[in-house]
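What follows is each chain in one-letter form.
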Amino acid sequence: MKVGNSERFKAVPWRGCCHPVGQKQVRGRALLKCCELFCQMAGTARHDREMAIQSKRKLTTATDPIERLRLQCLARGSAGIKGLGRVFRIMDDNNNRTLDFKEFLKGLNDYAVVMEKEEAEELFRRFDKDGNGTIDFNEFLLTLRPPMSRARKEVIMQAFRKLDKTGDGVITIEDLREVYNAKHHPKYQNGEWTEEQVFRKFLDNFDSPYDKDGLVTPEEFMNYYAGVSASIDTDVYFIIMMRTAWKL
C-alpha cells in the first residue's frame, strides 16, 4: 500500500473526521479545528498502545543496559522517557543537573525501573565519562531518547510552533484556546468536562503520568514524539503522519 493512500490515514479531520462528532454534517472552521483536536487525542492514545506492546516484546530479548532502560520507559508510553527525566529533576535539589550514583539509583527505583544494581552500575559508568562519580542527566536523557533524523525533528518542531501561539516556548491551555474550540467536545457538551479539562486532557498526552503540570516544553514535545518515532520505520511515513495529524 502506498504511504499516501487515504486508507492508511483514517484521522484526517479536514476531509472527514474520525471522531463521531466530526462525522456529523456540520460545517464551520471551529468544528473542524475541534475535530483535529479529537483526532490528536485518539491518535496519541493509539500510538501509546502500539509503543507499549512493541517495547515489552523487544525487552524480552534486549541485553544492552541503555536499550533495556529505554524500552522500559517506552513501555509506559511515548512520555515514558520524559517521566524519568522529571524524577531526576525533582531529585536535583541544587539545580546543577548532575546526579551521583546514589541519586541515579534512587531515581530508577522511584520510577519503578526493573534493573539489578550491577546493571545500573554498568549503565552509570558508561555515562560517567570523566570518572568523577557524577553524570549529566540531560546528556543521559538525550542518549536514552530513540534516535531521530533531522527531517523528523524538523517536522516535530513545526507542529510545536503551530501550537505555541504566543511564541513563548511553552504550549499551554491558553495557546490551545487560540487554535481549537473545545465546546464541540462531547464531554463538554454533556457537562462531564469543563473547557479547561478538555485542553488538560489533550496536554496530558505529552505529560508524565507522575507529574502533570499542564505545560509542554519543546524538549517534552520532542521526547514524546521520539517515542512515537521509534515505532515508525521510515521518515516518509513519519513526516506524512505528522503533517496529516497537525495539518502542517
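Treat the numbers as computed from the prediction; the structure is a model and nothing was measured.

Rules of the game
- Residues numbered from 1 in each chain as written.
- Predicted model: local features only at pLDDT ≥ 70, side-chain atom pairs only at ≥ 80, totals over all residues.
- Heavy atoms only, no water.
- Helix = DSSP H or I, 4+ residues; strand = E, 2+ residues; numbered from the N terminus.
- Contact = heavy atoms within 4.5 Å.
- Areas by Shrake-Rupley, 256 points an atom, 1.4 Å probe, with all protein chains shown as cover.
- Phe/Tyr/Trp six-rings, centres within 6.5 Å; stacked < 30°, edge-to-face > 60°.
- Buried < 20%, exposed > 50% of the residue type's maximum accessible area, 1.4 Å probe, protein only.
- Lys NZ or Arg CZ within 6 Å of the ring centre and 35° of its normal.
- Core = buried A, V, L, I, M, F, W, Y, C linked by side-chain atoms within 4.5 Å.
- Arc of directions from axis to C-beta.
- Polar contact = N/O pair within 3.5 Å; in protein donor to acceptor, adjacent residues only side chain to side chain.
- UniProt positions renumbered as here; feature names shortened; annotations may be inferred.
- Salt bridge = Lys/Arg side-chain N within 4 Å of Asp/Glu carboxyl O.
- 1 Å grid on protein atoms, 1.4 Å probe; cavity = no way out; pocket = protein on both sides within 12 Å on 5 of 7 lines; lining within 4 Å.
- Points joined across faces, edges and corners; volume = space filled by probe spheres on them.
- Nonpolar A, V, L, I, M, F, W, Y, C, P; charged D, E, K, R; others polar.

**Observations concerning the overall build of the protein chain**
For step 1, the next point in the chain: Helix and strand content of the protein chain: 13 helices and two strands.
For step 2, the next point in the chain: Put simply, 64% of the contacts in the protein chain that link residues at least 6 apart link residues at least 24 apart.
For step 3, the next point in the chain: Summed over its atoms, the accessible surface of the protein chain is roughly 12,800 Å², and 49% of this surface lies on carbon and sulfur atoms.

**Remarks on the packing of aromatic side chains**
For step 1, the next point in the chain: Throughout the structure, instances matching the rule amount to eleven aromatic pairs.
For step 2, the next point in the chain: A ring pair is formed by Phe 202 and Trp 246, whose centres lie 6.1 Å apart and whose planes are at 75°; its orientation type is edge-to-face. One end of the pair, Phe 202, is in helix α11 (residues 195-204); the other, Trp 246, is in helix α13 (residues 235-246), and 44 residues separate them in sequence. For the pair formed by Phe 202 and Trp 246, the shared burial category is buried.
For step 3, the next point in the chain: Ring pairing ties together the aromatic residues Phe 88, Phe 101, Phe 104, Phe 124, Phe 127 and Phe 140, which thus form one cluster.
For step 4, the next point in the chain: Looking at Arg 76, its charged tip hangs above the ring of Tyr 111, at a distance of 4.0 Å from the centre.

**Focus: the nonpolar core**
For step 1, the next point in the chain: Judged by nonpolar contacts, the single largest core of 33 residues is most densely connected at Ile 156, Phe 221, Tyr 225, Phe 238, Met 242 and Trp 246.
For step 2, the next point in the chain: Mapped onto this core, the elements with two or more residues apiece are α8 (150-163), α9 (173-179), α11, α12 (218-229) and α13.

**Here we look at helix α5 (residues 101-110)**
For step 1, the next point in the chain: Every buried residue belonging to α5 is among Phe 104, Leu 105, Gly 107 and Leu 108, and all of these are buried. Along the long axis of α5, the arc covered by the buried residues comes to 155°, so they all point the same way.
For step 2, the next point in the chain: For α5, the secondary structure elements touched by its buried residues are α3 (65-74), α4 (80-91), β1 (98-100), α6 (117-127), β2 (134-136) and α7 (137-144).
For step 3, the next point in the chain: Two to three positions downstream of the cap, the backbone nitrogen of Lys 102 sits 3.2 Å from a side-chain oxygen, assigning the N-cap of α5 to Asp 100.

**Comments concerning the side chain of Arg 70**
For step 1, the next point in the chain: Take Arg 70: it is sitting in helix α3.
For step 2, the next point in the chain: A polar side-chain atom of Arg 70 sits 2.5 Å from a polar atom in the side chain of Glu 67.
For step 3, the next point in the chain: Apart from the residues lying within four places of it in its own chain, the contact partners of Arg 70 are Ile 81, Thr 143, Leu 144, Arg 145 and Pro 146.

**Points about the UniProt feature "domain: EF-hand" (unreviewed entry) in the protein chain**
For step 1, the next point in the chain: UniProt records the feature "domain: EF-hand" (unreviewed entry) for residues 79-114, 115-150 and 151-186 in the present numbering.
For step 2, the next point in the chain: Secondary structure across residues 115-150 comprises 56% helix and 8% strand; the distance between its end C-alpha atoms is 32 Å.
For step 3, the next point in the chain: Structurally, residues 151-186 comprises 58% helix and 0% strand, and the distance from its first C-alpha atom to its last is 36 Å.

**Considering the pattern of salt bridges**
For step 1, the next point in the chain: Under the definition given, this model contains nine salt bridges.
For step 2, the next point in the chain: For Asp 110, the salt bridge goes to Lys 106, with nearest N and O atoms at 2.8 Å. Pair noted here: Asp 110 and Lys 106 are both in helix α5, with a separation of four residues, about one helical turn.
For step 3, the next point in the chain: Here Lys 106 falls in the partly exposed class, since its relative accessible area comes to 45%.
For step 4, the next point in the chain: Among the salt bridges present, the one from Arg 177 reaches Glu 174, with a minimum N-O distance of 2.4 Å. Taken together, the residues span about one helical turn, with Arg 177 and Glu 174 both in helix α9 at a distance of three residues.
For step 5, the next point in the chain: In this structure Arg 177 comes out as partly exposed when scored by relative accessible area, which is 30%.

**Some points on empty space enclosed by the protein**
For step 1, the next point in the chain: A complete count under the given rule lists one cavity of 30 Å³ or more for this structure.
For step 2, the next point in the chain: Surrounding the largest cavity, Ile 81, Lys 82, Gly 85, Arg 89, Leu 141, Glu 219 and Asn 223 form its lining.
For step 3, the next point in the chain: Secondary-structure elements contributing two or more residues to the lining of the largest cavity are α4 and α12.
For step 4, the next point in the chain: Broken down by element, the lining of the largest cavity gets its largest block of residues, four residues, from α4.
For step 5, the next point in the chain: When grouped by side-chain class, the residues that make up the lining of the largest cavity number two nonpolar, two polar and three charged.

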